[in-house]
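Chain by chain, the residues:
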Amino acid sequence: MPLPDTMFCVQQINIPPELPDILKQFTKAAIRTQPHDVLQWSAAYFIALSKGETLPVKERLEMPVATQKTDTGLTPGLLKTLHKQLALKEIVTKEELLEKWKGLCLPKEQLESILALGSFSASVDWMKFFALGCSALGGTILSAMKQACEILTQDPEGGAARIPYDTFVSLYTYLANLDGEIPPDEIDGFLASLQEDVERQGGMVQPSNFAGPKRVEIFE
């Protein structure tokens, strides 16, 4: 005769006091991030949590882009999450980058494409990779710079999206030089055209300084 299943009463079950909050925060993070592979993302989430690292979590839910054919590629929110995870190191290894990339369930082919475009070796300059990530989101250099401003800014959502001019110059000149079709005098001329706005804004630059219709007509 088989033994009866073990019966437990409420008093016998010990629930760790921190468990409900951990599960609550995990659920909210999953809803905001909308990972393509929930199990893969969950593993990355709890590994980061156990190590005290920045979690692979978007700040907010992103609405799907109408022109985007797939929801598995890089998005502004995912690039911002990667930046929060990796920017403090300045130089990261390909292995570190791949780990974080996989943790966000991004396609390896897209990572390899960006790495090849930047001709990166075993070590990756994060801000250069970030610039190429913005380019992958945008298309033109100016649209990539607009993405960079919106991701890097400390302004509240919907604000001016200002970033330090030095950061802007570093990202813009890297992309412009990599493009290979923009003469150096045009690069210098574009940056010089921003000086008046930058001085008025305390050393900061924002998309409205370069992404208006007149700017696009002149510099793209």
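Residues numbered from 1 in each chain as written. Predicted model: local features only at pLDDT ≥ 70, side-chain atom pairs only at ≥ 80, totals over all residues. Heavy atoms only, no water.

An unreviewed UniProt entry lists the chain under the name Ropporin-1-like protein, with Anguilla anguilla as the source organism. The UniProt entry for the chain carries the following text under Sequence similarities (unreviewed entry): "Belongs to the ropporin family." (UniProt positions renumbered as here; feature names shortened; annotations may be inferred.)

Student: For this particular structure, what's the right way to read the pattern of salt bridges?
Tutor: Close approach of charged atoms allows side chains with opposite charge to pair. Taken as a whole and judged by the stated rule, the model has 10 salt bridges. Here E150 and K146 are joined by a salt bridge, their closest N and O atoms 2.6 Å apart. Of this pair, E150 and K146 are both found in helix α7 (residues 141-152), four residues apart, which corresponds to roughly one turn of the helix. Residue E150 is classed as partly exposed on the basis of its relative accessible area of 37%. Residues joined in a network through salt bridges with shared partners are E59, R60, K80, K84 and E157. (Salt bridge = Lys/Arg side-chain N within 4 Å of Asp/Glu carboxyl O. Helix = DSSP H or I, 4+ residues; strand = E, 2+ residues; numbered from the N terminus. Buried < 20%, exposed > 50% of the residue type's maximum accessible area, 1.4 Å probe, protein only.)

Student: What exactly am I supposed to notice about helix α8 (residues 165-179) here?
Tutor: Within an α-helix, residues lying three or four positions from one another point in the same direction, as the helix has 3.6 residues per turn. The terminal C-alpha atoms of α8 lie 21 Å apart, and with 15 residues this matches the ideal 21 Å at 1.5 Å per residue to within 8%. Contacts made by the buried residues of α8 are with α6 (126-138), α7, β3 (163-164), α9 (184-193), α10 (195-200) and β4 (204-205). Immediately beyond the C-terminal end of α8, within one or two residues, lies G180, with a positive phi of roughly 80°. (Expected span 1.5 Å × (residues − 1). Contact = heavy atoms within 4.5 Å.)

Student: What should I look at first to understand the packing of helix α1 (residues 19-33) against helix α2 (residues 38-51) in this one?
Tutor: Two quantities define a packed helix pair, namely the angle between the helix axes and the distance between the axes. Across the interface, α1 lies against α2 with an axial gap of 12 Å and an inter-helix angle of 130°. Judged by the angle between their axes, α1 and α2 are oblique. Seen from above, α1 lies across α2 with right-handed handedness. On α2, the residues that touch I22, Q25, F26, A29, A30 and T33 of α1 are W41, S42, Y45, F46 and L49. When grouped by side-chain class, the residues that make up the contact of α1 with α2 number eight nonpolar, three polar and no charged. (Axes fitted to C-alpha atoms, helices over the stretch in contact; angles between N-to-C directions. Parallel < 35°, antiparallel > 145°, perpendicular 65-115°, else oblique. Left-handed = near helix turned anticlockwise from the far one by under 90°. Nonpolar A, V, L, I, M, F, W, Y, C, P; charged D, E, K, R; others polar.)

Student: What is the right way to look at a nonpolar patch on the surface in this model?
Tutor: Residues I13, I15, L19 and L23 make up a contiguous nonpolar surface patch of roughly 350 Å² in combined accessible area. Along the chain, the position of L19 falls in helix α1. Residue L19 is classed as partly exposed on the basis of its relative accessible area of 34%. (Patch = residues over 30% accessible without salt bridge, like charges linked within 9 Å, V, L, I, M, F, W, Y side chains within 5 Å. Areas by Shrake-Rupley, 256 points an atom, 1.4 Å probe, with all protein chains shown as cover.)

Student: Sorry if this is basic, but what is going on with α1 here?
Tutor: For α1, built from 15 residues, the straight-helix expectation of 21 Å at 1.5 Å per residue is met to within 8% by its first-to-last C-alpha distance of 21 Å. All of the buried residues in α1 are F26, A29, A30 and T33. Projected down its long axis, α1 shows its buried positions confined to an angular sector of 100°, all on one face. Each element contacted by the buried residues of α1 is listed here: α2. Once α1 finishes, Q34 follows within two positions and takes phi at roughly 50°, a positive value. (Arc of directions from axis to C-beta.)

Student: Can you walk me through the nonpolar core in this structure?
Tutor: Taken as a class, soluble globular proteins show a tendency for nonpolar side chains to be buried jointly. Counting residues in hydrophobic clusters, the biggest one holds 46 residues, and the most contacted among them are L97, F129, F130, F168, Y172 and F210. Elements supplying a minimum of two residues to this core: α3 (76-86), α4 (94-103), α5 (108-117), α6, α7, α8 and α9. The biggest single contributor to this core is α7, with eight residues. Excluding residues that lie within four positions of it along the chain, F129 makes contacts with L97, W101, L111, I114, L115, F120 and V124. The next biggest cluster of nonpolar side chains, apart from the first, holds seven residues, and it includes A30, Y45, V57 and C105. (Core = buried A, V, L, I, M, F, W, Y, C linked by side-chain atoms within 4.5 Å.)

Student: How should the side chain of K58 be read in this particular structure?
Tutor: Position of K58 relative to the elements: it lies in the loop between α2 and α3. Beyond its immediate stretch of four places on either side in the chain, K58 contacts R32, T33, T75, G77, L78 and T81.

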